[in-house]
Amino acid sequence: MAAASTNSIRKIALVIGNGEYTDGPALPNAIKDAKDVAAALKRIGFINHEPKLNLNYRDMRVCFTDFECLVEENDLVLFYFAGHGIQLEVCVSTMRK
């Protein structure tokens, strides 16, 4: 099977910027960074909607699920996140409920 040409590859991106936190310091540049990256990706042919800004945990999960449904076979997918990185440990069986 031949590889798809770069002209036929759909480029799709999800850009998230979280700068406001209830339990941590604000990141004033995160929103600007997300907007700038989204604009740059659009200029080079990525399909992306407005960047998702200041999402809480539930909204971020919905956002990921919605984005996952948009992705098709052979898409070039890019995810960009500006914000604090944290580790969350949750039992997988709890997440599926």
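Since the model is a prediction, treat every value here as computed from it, not as a measurement.

Moving on to the nonpolar core. Listed in full, the seven residues of the largest apolar core are Ile 12, Leu 14, Ile 16, Leu 55, Met 60, Cys 63 and Phe 67. Every element with two or more residues in this core is listed here: β1 (11-17) and α2 (57-70). Not counting residues up to four positions away in its chain, the partners in contact with Ile 16 are Ala 34, Lys 52, Leu 55, Met 60, Cys 63, Phe 64, Phe 79, Tyr 80, Phe 81 and Ala 82.

Compared with the 20 Å implied by 1.5 Å per residue over 14 residues, the 20 Å span of α2 between its first and last C-alpha is a close match. In this fold, the buried residues of α2 make contact with β1, β2 (52-53) and β3 (76-82). N-capping of α2 is provided by Asn 56, with a side-chain oxygen placed 3.1 Å from the backbone N of Arg 58.

Calculation notes
- Throughout, residues of each chain are indexed from 1 in the direction in which the sequence is written.
- The predicted nature of this model means local features are confined to residues of pLDDT at least 70 and side-chain atom pairs, given and counted, to a pLDDT of 80 or more, with totals for whole chains, interfaces and linings taken over all residues.
- Note: side-chain values were computed over all heavy atoms of the structure, leaving out hydrogens and water.
- Here, nonpolar core means buried Ala, Val, Leu, Ile, Met, Phe, Trp, Tyr and Cys residues that are tied together by side-chain atoms lying within 4.5 Å of each other.
- Burial classification: accessible surface area is computed with a 1.4 Å probe over protein chains only, and a residue below 20% of its type maximum counts as buried, one above 50% as exposed, and the rest as partly exposed.
- Strands here mean DSSP runs of E at least two residues long; helices mean DSSP runs of H or I at least four residues long; both are numbered from the N terminus.
- Residue contacts are counted whenever heavy atoms from the two residues lie within 4.5 Å of one another.
- Multiplying one less than the number of residues by 1.5 Å gives the expected span of a helix.
- Polar contacts, as used here, are pairs of N or O atoms within 3.5 Å; protein pairs need one atom able to donate a hydrogen and one able to accept it. Residues neighboring in sequence count only if both atoms are side-chain atoms.

Bear in mind that shape data such as this cannot, by itself, settle questions of function.
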